[in-house]
Amino acid sequence: MAQRDQSPGLLGLGVASATSASSPFPLLAIETSCDETAAAVIGRGGEVLGEVIRSQIDEHALFGGVVPELASRCHVEALESVVAEVLERAGLDLGGLGSVAATRGPGLVGCLLVGLSYAQGLALARGLPMLGVNHLEGHLLAPFIGSPEPQFPFLGLVVSGGHTLLVLARGVGEYEILGETRDDAAGEAFDKGARVLGLPYPGGVAVDRLAQTGNPAAFDFPRGMLHSKDLAFSFSGLKTAVWQHVQEHGVPSGQELSDLCASLQEAIVDVLVRKTAKAVAASGVDRVVVTGGVAANSRLRGAFESAAADGGWTLHRAERRWCTDNAAMIGYAAGLRMERGERSGLELDASSGLGL
Ligand code: KG4
Ligand code: ZN
């Protein structure tokens, strides 16, 4: 096992310089786009050699959602120790790294800049190649973490707190967006609905838990754009429907609360499954990837399993721990691109609205 860096601070002077730049592995990846400070080390075959995810949920829960300024500050405070911990888990020191990568967007710009600047500083100090990674590509490819190459072509459903995308992926970087949300993302529908119901942030997790004992057919919530000809989504009507219910009947508790959660969840899952089935029919591609924070949802996982069995699809779901934000997915995507010779310059800027 390699020796830990004995000098003060991770950028400490006088330690061994970077290994030959010929292989980008082991690759250190950093993710700070929202409210998780995460780092991972990825090996040559796409395997995760070490991983740390430090959540800021407790800090933001007091405010009912992510406070951007607070999130950036938390990343600054946590990042150095998160990186030290991940290197220790991987049995490496900085001198053993082949490259470094960080999320460059989309996300909260102040948060992105913390991770990206850190990676750039490390690359500069250590003479390491660096790559800025698209967070959405990280999510999209997360189900293939651990394998040397994703299996293309596939139809990807990316459902997170900020995005709802149906993507036809033909190769690394060859992505065609078939449909996206016109308003709220699927995760926002969970979070906003949960907030109206008086549930703690992050709402998706709370709704998932309460829905386990609820009746999904108790309330008939709207399925936005379900019958539209295109593959677009709309979830904003759901929050309004839940809000109207609370206006008329008061904030629910007990069985009614569980029934509301199950019905809200069912409306979201129903649309996601049926639009994906439509995309399979339209594209003729039946390898289906389901990923992003909402893909951690128990009912969604089960519903896609059934739909895949019925439709004869090959289903790839991200493992639960890699559905929500993490650095393993960033490192995995970075590794694939770096192997294809891609590098970023040190002047690379964060891009909060970056598309896939
Ligand atoms: O991918 P992610 O961690 O961050 C973004 O890139 O947005 O996704 C976070 C979203 C939040 O809206 C959260 O409520 C939702 O994923 N989420 C869930 C579950 N776990 C996380 N939604 C439904 N059920 C869950 N179990
Ligand atoms: Zn994400």
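So, here is what we can say about the structure in this document. (Residues numbered from 1 in each chain as written. Chains lettered and ligands numbered in written order. Predicted model: local features only at pLDDT ≥ 70, side-chain atom pairs only at ≥ 80, totals over all residues. Heavy atoms only, no water.)

**Side note on the site of ligand 1**
Heads up, the condition is: Distances are taken per atom, and a residue is near a molecule or strand as soon as one of its heavy atoms is within 4 Å of it. Contacts described as polar in this section are N or O atom pairs within 3.5 Å, which, within protein, must combine one atom able to donate a hydrogen with one able to accept it, while residues neighboring in sequence count only if both atoms come from side chains. Residue exposure ignores everything except the shown protein chains as possible cover, and the areas themselves are Shrake-Rupley values with a 1.4 Å probe. Strands here are runs of E lasting at least two residues and helices are runs of H or I lasting at least four, both read from the DSSP assignment and numbered beginning at the N terminus. Basically, the charged four are Asp, Glu, Lys and Arg, the nonpolar ten are Ala, Val, Leu, Ile, Met, Phe, Trp, Tyr, Cys and Pro, and anything else, Gly included, counts as polar.
Near ligand 1 there are 18 residues, and of these Gly 161, Asp 191, Asp 208, Asn 297 and Asp 325 occur at the shortest range. At 3.1 Å, a side-chain N or O of His 139 approaches an oxygen atom of ligand 1. Within the backbone of Gly 162, an N or O atom sits 3.3 Å from an oxygen atom of ligand 1. In the complex, the protein chains occlude 87% of the 550 Å² of accessible area that ligand 1 would expose alone. Counting only elements with at least two residues in the shell around ligand 1, the list comes to helix H4 (135-141), helix H5 (186-196) and helix H6 (203-211). By residue class, the composition of the shell around ligand 1 is 5 nonpolar, 10 polar and 3 charged.

**Observations concerning the coordination of the zinc ion (ligand 2)**
So the rule is basically this: Only N, O and S atoms count as donors, using a 2.8 Å cut-off from the metal and 3.2 Å for Na, K and Ca, and because water is excluded some sites may appear unfinished. Only two sets of limits are used to name each site, 85 to 135 degrees for every angle of a tetrahedral four-donor site, and over 155 degrees for opposite donors with all other angles from 65 to 115 for a square planar four-donor or octahedral six-donor site, with any other site named irregular. Each residue is assigned to one of three classes by its accessible area relative to the maximum for its type, calculated with a 1.4 Å probe on protein chains only: buried under 20%, partly exposed between the two thresholds, exposed over 50%.
Around the zinc ion (ligand 2), the donor atoms from the protein are His 135 (NE2), His 139 (NE2) and Asp 325 (OD), and they sit 2.0 to 2.1 Å away. Taken together, the 4 donor atoms surrounding the zinc ion (ligand 2) define angles of 95 to 130° at the centre, an arrangement classified as tetrahedral. On the accessibility criterion, His 135 (7% relative accessible area) is buried. The class for His 139 is buried, based on a relative accessible area of 1%.

**Topic: the sheet that holds strand S6 (residues 154-159)**
Stated precisely, the cut-off is as follows: Any two strands between which DSSP finds at least two bridges are classified as paired. What counts as an axis is a line fitted to C-alpha atoms, over the stretch in contact for a helix, and the angles between N-to-C directions run from 0 to 180 degrees.
Strand order in the open sheet formed by 5 strands is S8-S7-S6-S9-S10, with mixed pairing between adjacent strands. Two strands lie at the open edges of the sheet, namely strand S8 (174-180) and strand S10 (314-317), each paired on one side alone. The average undirected angle you get between the axes of adjacent strands in this sheet is 25°. In this structure, strand S9 (residues 287-291) lies alongside S10, joined through 4 bridges in parallel fashion. For Val 290, the partnering residue across the bridge sits in S10 and is Arg 317.

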